[in-house]
Each structure stands twice: as structure tokens, then as C-alpha cells.
Amino acid sequence: MALSFRYLITGWLVWAGLTATIARAQSPANGERQFTLLAGGEANWQGVAYQPVLAKVVPLTFSHQRRSDVQKAVGETLVFTRERIDPSTGQPVRVPVARVSWPAGVRKALLVFVPRSIRGADGLEFDVLAIDDGFEAFPGNSLRVLNLTPVNLLGRIGERQAEFKPGVSPVTDLADLVPPGAAAVALALGMRTETGALTLYLGPLETSPSTRALVMVLPPKTADSRKVRVFMITQPVPKPLVVK
């Protein structure tokens, strides 16, 4: 069934319930578990904090364009809170706005907060998508697409056709997709309509063995817009250790 742009917007408003998805498990080597955050939509992010224990509150910063500062994960379920005034006492209290189970076998995770259009019966404001963000699972010179629209997106990376379902795509190795000597490859995103495929985004994707690229796709802000919002989030990767 073909989809209109208005359906793309309204479908996003009723789409919720992202569940923790792991592209590939990474064994938790010695060291603490860590996570970073991304804002997966438009919301009031002011005052959202990570609460590892009852007496500790860690303020957070959310962005569409870059991962947050690294935080240490404590426990099997991470709880995020916001301060509100208790109507019965008039006193400030912290109430949960998001929860996520730590993905098994993962040491470094990316948590993507997706605002709910309507607060659930549990009072939570966000669904959280937990992704294995370790450098073994998501190495240099590779691409991962985070499709936060409610529809399948048609894709083209260089000369390769692709399709990106809602959620997190498998990792794409870019080594064979970039022409020799080139520092970028074309990335196109589109959708099927009643009249055929329509391009929603076209731009260069910079590539390098020393960086990895996460492409986050958000729906248009308005029903009459023909453009999805695309954020290219590149990150350097550490050089592999050379054992002599």
C-alpha cells in the first residue's frame, strides 16, 4: 500500500513501543558498562536525568546531532527521571519518564530516546531503543541507519540498493561501496508513493577507515513537508592494538 506524506506524519504520532534491539552482541570485556544518548525526536528534554540509585541524580544533555557524554550504567534496568511537583504535598519529587533494560552481552550502548505522542498508563514519556555501540559491533568504515519513521525507506548507497525498516539497520561495510581514491559516497533515501518511488534525501556520505557513520532519520515536522530530517553522526574509532 502506497503511503502519503500525511500518513508518514500521522503514522509517526501513533507509532510507539520501540523495543531494545541489538544489531550484534559484544562480549563485555573487563571494564565498566557505558552508554551515550541521542534525542530521537522533538520533546522537552529539560530536567531529564539518569538516576542510578535513589540518592543520585545525573543531569543529561540530549542532541540530534551528536552522542552525549559517556555515562556509567548501573544495574540491569536503567531509570531516567524528571522533577515534578507532587499535587498532594506541593513538594518536588522525581518521577520516572523512561526505563530500559540493559541489553545482554553489551558493554557500550547507545540509548535513543523516542518521545511518546501520548504519555502511557505507566506515566513514561519516552520509549528507549538500546543499540550495541561497541566498536566491534559497529566498526570503522561502516554505516548504520536508524529509521525513526513508521515506514520502510528505500535506500541507495553508492551503487547498492537497500531498504531500511523502522528501527536499527544492520551494519553496512562501506569498504566495497566507495570508489578508489574517493572520500565519500552518495546516500539516497526515499519512499514508495501512489505514483512510484520518491526521493526524500540525497547527499554525500563521508567515509574513512578511521570513522563510522550513524544516519538518524526523523519524520518531517509538518504534514505538508516532503523532506525527512536526516542527521549524519560520524565518530572516530580507535586504531586496533598491534601485538608485537
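Bear in mind that the values here come from a model prediction, so they are computed numbers and not experimental data. (Residues numbered from 1 in each chain as written. Predicted model: local features only at pLDDT ≥ 70, side-chain atom pairs only at ≥ 80, totals over all residues. Heavy atoms only, no water.)

Engineer: Explanation requested: the overall build of the protein chain in the structure shown.
Structural biologist: Within the protein chain, the secondary structure is distributed over 1 helix and 17 strands. Contacts in the protein chain between residues far apart in sequence, at least 24 positions, make up 65% of those at least 6 positions apart. In the form shown here, the protein chain has an accessible surface area of approximately 13,000 Å², with 54% of it arising from carbon and sulfur atoms. (Helix = DSSP H or I, 4+ residues; strand = E, 2+ residues; numbered from the N terminus. Contact = heavy atoms within 4.5 Å. Areas by Shrake-Rupley, 256 points an atom, 1.4 Å probe, with all protein chains shown as cover.)

Engineer: Just checking my understanding: could you explain the nonpolar core for this structure?
Structural biologist: Proteins that are soluble and globular tend to have nonpolar side chains buried together. Formed by 23 residues in total, the largest nonpolar core has its most connected members in Phe35, Phe62, Leu78, Phe80, Leu111 and Phe113. At the level of elements, strand E1 (34-39), strand E5 (77-85), strand E6 (92-101), strand E7 (108-115) and strand E8 (126-132) are the ones that each hand at least two residues to this core. Judged by nonpolar contacts, the second largest core, of 20 residues, contains Val145, Phe164, Val185 and Leu200. (Core = buried A, V, L, I, M, F, W, Y, C linked by side-chain atoms within 4.5 Å. Buried < 20%, exposed > 50% of the residue type's maximum accessible area, 1.4 Å probe, protein only.)

Engineer: Help me out: how do you make sense of the sheet that holds strand E11 (residues 160-164) in this one?
Structural biologist: By way of backbone hydrogen bonds, the strands of a sheet pair with one another, either parallel or antiparallel. Spatially, the 4 strands line up as an open sheet ordered E11-E10-E14-E15, and their pairing is antiparallel. Of all strands in the sheet, those bounded by a partner on one side alone are E11 and strand E15 (196-206). The average angle at which neighbouring strand axes cross in this sheet is 25°, direction not considered. (Pairing = 2+ DSSP bridges. Axes fitted to C-alpha atoms, helices over the stretch in contact; angles between N-to-C directions.)

Engineer: Please clarify how the sheet that holds strand E3 (residues 56-59) should be interpreted in this entry.
Structural biologist: Pairing in this open sheet of 4 strands is antiparallel, and the strands run E3-E2-E5-E6 from one edge to the other. The open sheet is flanked by E3 and E6, the only strands paired with a single partner. Neighbouring strand axes in the sheet, compared pairwise and without regard to direction, differ in orientation by 40° on average. By the bridge criterion, 2 bridges tie strand E2 (residues 49-53) to E5 in an arrangement that is antiparallel. Its bridge partner being in E5, Ala49 is matched across the sheet by Thr81.

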